[in-house]
Every structure is written in structure tokens, then in C-alpha cells.
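Breakdown of the fold
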Amino acid sequence: MKFGTKAIHGGLSHDAATGAIMTPIYQTSTYAQSEPGAHKGYEYSRTQNPTRHALEKNLASIENGKHGLCFGSGLAAIDAVIKLLNPGDEVISTSDLYGGTYRIYTQIFEKYGIKFHFTDMSNFDNLDHLANENTKLIWVETPTNPMLNIIDIEAAAAFAKKHNCLLGVDNTFASPYLQNPLDMGADIVMHSATKYLGGHSDVVMGALILNNDGLAEQLYFIQNSSGAVCGPMDSFLVLRGIKTLHLRMQRHCENGKKVAEFLQAHPVVDKVYWPGFSDHPNHYVAKKQMRDFGGMMSFTTVDDNFEKAKRFVSNVKVFVLAESLGGVESLCGHPASMTHAAIPKEEREKTGVKDSLVRLSVGVENIDDLLDDLAQALEV
Ligand SMILES: *Cc1c(COP(=O)(O)O)cnc(C)c1O
């Protein structure tokens, strides 16, 4: 099956009880048993729920994986991955990282004795010194947030294999439409389904997809034991969102290209970070591992002008100043004061998150209206 067909049908079947085409919202916490232990595969909704189960199978299908697990948020999914580790274990992670991931690593898990190394992963040849026998996980975000760096997933998988540890890839920015890390050797794919998978800015959810049965068993145990599951209504919303993922992503990519080119040519804009440009430092890796370049990008204003950047995000009329990304509507954000405020200024600027940096999530509106809006907001 090709992607568009899997998005609509993958892992799904008509409701056995009624023939309903759409997966029903099984809004129930528990299930009748005919005698103790005799049930239809469902006992209690933290452990398993038919709507969540349908979504988990659908997600596995579109990521070319065997197992899917859904959580109450993207961070709850990351939380479950780190709970695979023990005190004394070490993680090597990209330094250009979603702020909330950095926060859970450094402010929650470090105090349980897990050690995190943050590094530039543009070249794995220089990273051997960070790995030792305690290294258990390599964590990669690509494209990275908000600098749109691209990390070579196959090179990351080779590095993880060499050091005998797992590779986890946060695939939120690309979505399964643009890249499938399991096919490139990743062990675990993570999504904030809040973003492109849900696609309509109406739900918060996270997901893990993987192939290894033993690892899936451990993660199911953590999902059920820690209990950060998502509800049936939210599962329904994400299932519905995924049915148009391929259509939305096509438009996100088309609009993204036009917006990136427009910004690049604008006199008030200094640098545009978008992996589709041939002079992007990792453009060749993006071309190798992604099917297109997506609708996420960042730019700085000339002279690193904080005021200009602030005026821009305050003056947009079609774009909305808001956290998050990946919905049908175009959003803009100011990472230094919003999504990345949890990262100290010094750390932030090392990775390029300057005060004048603006991040765009280009939506699927009419492109002329988007370009007009950017033009007027940059004038001010
Ligand atoms: C939003 C986001 C997360 C966290 O997901 P939540 O659903 O907000 O918990 C993790 N990684 C990336 C890249 C994100 O954009």
C-alpha cells in the first residue's frame, strides 16, 4: 500500500459490531467480563481502549513499524522512553532540541541519575568520545527545532549500532509523510501528534512507533504502569487528522517553498533557515532522507534586530502568534521568549537561537494571502 492509502486505511477495519466506517469513540473506562478473566481483549482503558488501539495500529502502518503506542502528550511519550533507562545510564542528544525535551531531561531525569550529553550531530565521526559502556540511547531530532538543521539518520543509526545503544528519532517536524526513520535504522520513532498528525490544533498527544517486539513489550509495560495514556476522543481526532495527512503535507510543502523564497529575497530578512535551499549546510542529507522539505522554517531580521522581530510577530494578521506548529493555520513564534525560554540564553545562542529569530509554521491557506501578510508585517 502507498502512503495516501495507508493514511486512510492502514491498520483499520470497519467496526465489527455495527459496520461503522469510522472507528467509534469508545468512551468507556471498563469492559464487561462473562466470568473472571473472560473478556474480548479489553479490560480497563488505561491498559487498552479500542479507539486508541485503532490509532496505534494506523500509526504503525504509516511509519512502516510493527507497534504503535499513544500517550497523553509528546512529552509523555519521551518520558516513557527515558523510563527504559536506569540510574547511571547516559544519553547523547542533539543540542538543538525542543525546549520541553531539554527540560524533562535536565530538570526531571538528571535527578534520577541519568546523564545527558548535548551535542552537534552534523558529523558523527567526532562523537565517539561522548560514548562509553553506560551510553544506552542516542536521541535525534531532525529537522531540528527551531534551526531546521538536518541530521543524517542512517549515520546516527550506524553510530548507535557501533556503541550498542538504541536510536530514538523525534519525527514531529517531518511527519511520516516526509520521512520514516525506522526504514533508516532507528529503533524508536517519536511524534508529538499534537502537530502534523492531528493537524488541526485541537488535541495534545504523543506517540511511539517501533519494530522490536521485546522493546515494545517494555514500553507497553511503562505505558500501562505510568499511565500517561490519551483518551478515546483525542484518539478519534488524531485518527481523523491522519486521513488527510498526505493532502495537508503536500500543501504545507508547496506553501513552505514559496514563503522561504519570498523571505530570502526580502531586504529586512537576514538569514532563512529552510532545508530546501541548496546552500543549506545539510541540504544533501535532507534530499537523501526526506521526500520534500516541509513547511517549517526560521529567519532572522537584519542586524539581529530584536525590536523588528517583535514587531513582525505582533503585526501579522493571517499568521497567528502562538506556540505549536503543524496545524492547517499558519503560526509564527519567537523561540527565545516562547518555546525555548526554558533553555538558558547562553546555551540558546550557541545553537543559533538569537533574539531576532522568528519561527514559522506555514499552513495550508491560500499562498497569496500568506505572502501579502508577511510583506505587510515586515514593512512595519
Ligand atoms: C511539541 C513538540 C514536542 C512535545 O510534544 P507535546 O505534545 O507538546 O508534549 C516534542 N518534540 C517536538 C519537536 C515538538 O515540536
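Residues numbered from 1 in each chain as written. Predicted model: local features only at pLDDT ≥ 70, side-chain atom pairs only at ≥ 80, totals over all residues. Heavy atoms only, no water.

Looking now at the packing of aromatic side chains. Within this structure, the stated rule accounts for 10 aromatic pairs. Taking the centre distance of 5.6 Å and the plane angle of 80° together, the rings of Phe3 and Tyr177 count as edge-to-face. Taken as a pair, Phe3 in helix H1 (residues 3-9) and Tyr177 in helix H6 (residues 175-178) lie far apart in primary sequence, 174 residues in all. For the residue pair Phe3 and Tyr177, the accessibility class agrees, reading buried in each case. On the numbers, 5.8 Å between centres and 75° between planes, the contact of Trp274 with Phe293 is edge-to-face. (Phe/Tyr/Trp six-rings, centres within 6.5 Å; stacked < 30°, edge-to-face > 60°. Helix = DSSP H or I, 4+ residues; strand = E, 2+ residues; numbered from the N terminus. Buried < 20%, exposed > 50% of the residue type's maximum accessible area, 1.4 Å probe, protein only.)

Next up on the list: the pattern of salt bridges. Counting across every chain of the model gives 13 salt bridges. Among the salt bridges present, the one from Lys66 reaches Asp213, with a minimum N-O distance of 2.8 Å. A residue pair is termed long-range when its members are at least 10 positions apart, and Lys66 in the loop between helix H2 (50-62) and strand S1 (67-71) and Asp213 in helix H7 (residues 213-226) qualify at 147 residues. Take Asp213: its relative accessible area is 41%, and that puts it in the partly exposed class. Two residues, Glu254 and Arg251, come together in a salt bridge whose shortest N-O distance is 3.7 Å. Pair noted here: Glu254 and Arg251 are both in helix H9 (residues 245-264), with a separation of three residues, about one helical turn. The exposure class of Arg251 is partly exposed, given its relative accessible area of 37%. Residues participating in the shared-partner salt-bridge network are Lys345, Arg348, Glu349 and Asp355. (Salt bridge = Lys/Arg side-chain N within 4 Å of Asp/Glu carboxyl O.)

Our next topic: the nonpolar core. Leu59, Val259, Leu263, Phe299, Phe312 and Leu360 are the most contacted members of the largest nonpolar core, which totals 67 residues. Here this core gathers at least three residues from each of two domains, domain 1 (3-242) and domain 2 (245-379). Excluding its chain neighbours within four sequence positions, the residues that come into contact with Leu59 are Cys70, Leu197, Ala207, Ile209 and Ile242. Within the second largest apolar cluster, 29 residues are counted, among which are Phe71, Ala76, Leu210 and Leu215. (Core = buried A, V, L, I, M, F, W, Y, C linked by side-chain atoms within 4.5 Å. Domains from an automatic or database assignment. Contact = heavy atoms within 4.5 Å.)

Attention now goes to the site of the ligand. Near the ligand there are 13 residues, and of these Gly74, Asp170, Ser192, Thr194 and Lys195 occur at the shortest range. Contact between the ligand and Gly74: an oxygen atom at 2.9 Å from a main-chain N or O atom of the residue. A distance of 2.8 Å separates an oxygen atom of the ligand from a polar side-chain atom of Lys195. In isolation the ligand exposes 380 Å². Once the protein is present, 93% of that is buried. Among the residues forming the shell around the ligand, the class breakdown is five nonpolar, five polar and three charged. (Near = heavy atom within 4 Å. Polar contact = N/O pair within 3.5 Å; in protein donor to acceptor, adjacent residues only side chain to side chain. Areas by Shrake-Rupley, 256 points an atom, 1.4 Å probe, with all protein chains shown as cover. Nonpolar A, V, L, I, M, F, W, Y, C, P; charged D, E, K, R; others polar.)

For the rest of this paragraph, the subject is the side chain of Thr301. Here Thr301 shows up in strand S9 (residues 296-301). Of the residues examined, Thr301 reaches a relative accessible area of 1% and is grouped as buried. One polar contact links the side chain of Thr301 to the main-chain carbonyl oxygen of Asn305, over a distance of 3.1 Å. Other than its neighbours up to four places away in sequence, Thr301 contacts Val268, Val269, Asp270, Lys308, Ala309 and Ser356.

Turning to its location among the elements, Asn58 is positioned in helix H2. For Asn58, a relative accessible area of 0% translates into the label buried. As a C-alpha pair, Asn58 and Gly11 span 47 residues in sequence and 4.6 Å in three-dimensional space. In contact with Asn58, other than residues within four places in its own chain, are Lys6, Ala7, Gly10, Gly11, Leu12, Leu239 and Ile242.

Now for unusual backbone geometry. Cis rather than trans, the peptide bond between Thr142 and Pro143 has omega equal to -5°. Asn145 connects to Pro146 through a cis peptide bond whose omega is 5°. Phi is positive for Leu148, close to 55°, though the residue is something other than glycine. Mapping Leu148 onto the fold places it in the loop between strand S4 (135-141) and helix H5 (153-162).

The strand order S1-S7-S6-S5-S4-S2-S3 describes an open sheet built from seven strands, whose pairing is mixed. Two strands bound the open sheet, and with one partner strand each, they are S1 and strand S3 (115-119). Within this sheet the neighbouring strands show an average axis-to-axis angle of 20°, counted without direction. The sheet contact formed by strand S6 (residues 188-192) and strand S7 (residues 206-210) spans five bridges and is antiparallel. If you follow Ser192 over to S7, its bridge partner there is Gly206. Seen against the sheet, H2 touches S1 and S7 and runs at an angle of roughly 130° to S1. Where helix H4 (residues 99-109) meets the sheet, its contacts fall on strand S2 (90-94), S3 and S4, and the angle it forms with S3 comes to roughly 150°. (Pairing = 2+ DSSP bridges. Axes fitted to C-alpha atoms, helices over the stretch in contact; angles between N-to-C directions.)

Right, let's talk about the sheet that holds strand S10 (residues 320-321) for a bit. Pairing in this open sheet of five strands is mixed, and the strands run S8-S9-S12-S11-S10 from one edge to the other. Whereas interior strands pair on both sides, the edge strands pair on one side only; in this sheet they are strand S8 (269-273) and S10. Strand direction decides the pairing type here: S9 and strand S12 (residues 358-361), joined by four bridges, are antiparallel. Each bridged residue has a counterpart across the sheet, and for Met297 the counterpart in S12 is Leu360. Most of the contacts of H9 go to S9, to which it runs at about 10°, and overall it touches S8, S9 and S12.

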